[in-house]
Amino acid sequence: MSRSFFSRLAPAAAYQFCFIGAVATLKPGANALTLSHFSPAALPWLYVGAAVLAGALAIVGGAGRLRRDPGFIALAGAAVSGALALGVWRGWPAVPLGAYLFSEAFATLVSIAFWAAMSEAFDAREARRAFSWINGIGMSGAIVSGLLAQLLAHAFGALALLVAGAGFLFAAGVAWRF
């Protein structure tokens, strides 16, 4: 494989590591916050709401280069995650619902944008090799962040998971730029 292949593979794999790491911290944090403030009976309705929100964002986000750019989306997600963490810290009552909807819809939106970008970055022959590496490194991000999530949640609670998610998303946005 050419040097150009690896120069495209490395940032994509680093991005996927960080993005999957963010999902593995944001979703448990948002779920814990939601369940600590609301009845578990609300979860199916929240899931439906998140699916509708993800669909709407995918349709709206289809136009405009920045809205489809995974690096921009990750940096914007880091800012939203940080704002949600601030809201939890301040005790704002609607924030757990917002965190749940955000984490569910955002994960779907970023996945669509990321894999669309990957289909443009690699031709069919390269994709077979690149996608295996990208997915493998992404799964290692799930392992690392899953262990980190356990430690953070035990020591600091769900708020720490939102902060960690923001950090992983910021790192994903930086990785995409290289």
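Position numbers for residues count from 1 along each chain, tracking the sequence in the order it is written. The predicted origin of the model limits local features to residues at a pLDDT of at least 70 and limits the giving and counting of side-chain atom pairs to 80 or more, whereas totals for whole chains, interfaces and linings rest on all residues. Neither water nor hydrogens contribute to the side-chain values; these are computed over all heavy atoms in the structure.

## Things to note about the nonpolar core
Heads up, the rule is: Think of a nonpolar core as a cluster: buried Ala, Val, Leu, Ile, Met, Phe, Trp, Tyr and Cys residues, connected wherever their side-chain atoms sit within 4.5 Å. For every residue, the accessible area obtained with a 1.4 Å probe (protein chains only) is divided by the maximum for its type, and the residue is called buried under 20%, exposed over 50%, and partly exposed between those limits. Under the DSSP-based scheme used, a helix requires at least four consecutive residues in state H or I and a strand at least two consecutive residues in state E, with every element numbered from the N terminus. Contact definition: two residues touch when any of their heavy atoms are within 4.5 Å.
Y15, F19, F114, M118, F122, I134 and L169 are the most contacted members of the largest nonpolar core, which has 36 residues in total. Mapped onto this core, the elements with two or more residues apiece are helix 1 (3-37), helix 4 (70-90), helix 5 (95-121), helix 6 (124-156) and helix 7 (158-177). Here the element with the most residues in this core is helix 1; it accounts for 11 residues. Dropping the residues within four chain positions of it, I134 is found in contact with L9, A12, A13, Q16, F114, W115, M118 and F122.

## What about the pattern of salt bridges?
Put simply, the test is: When a carboxyl oxygen of Asp or Glu is within 4 Å of a side-chain nitrogen of Lys or Arg, the pair counts as a salt bridge.
Under the criterion given, the structure shown has three salt bridges. E104 is the salt-bridge partner of K27, the closest N and O atoms lying 3.4 Å from each other. A residue pair is termed long-range when its members are at least 10 positions apart, and K27 in helix 1 and E104 in helix 5 qualify at 77 residues. Across the pair D69 and R177 runs a salt bridge, and its minimum N-O distance is 3.2 Å. Pair noted here: D69 is in the loop between helix 3 (65-68) and helix 4 and R177 is in helix 7, with a separation of 108 residues, a long-range link. Look at D69 and you get buried, because its relative accessible area is 11%.

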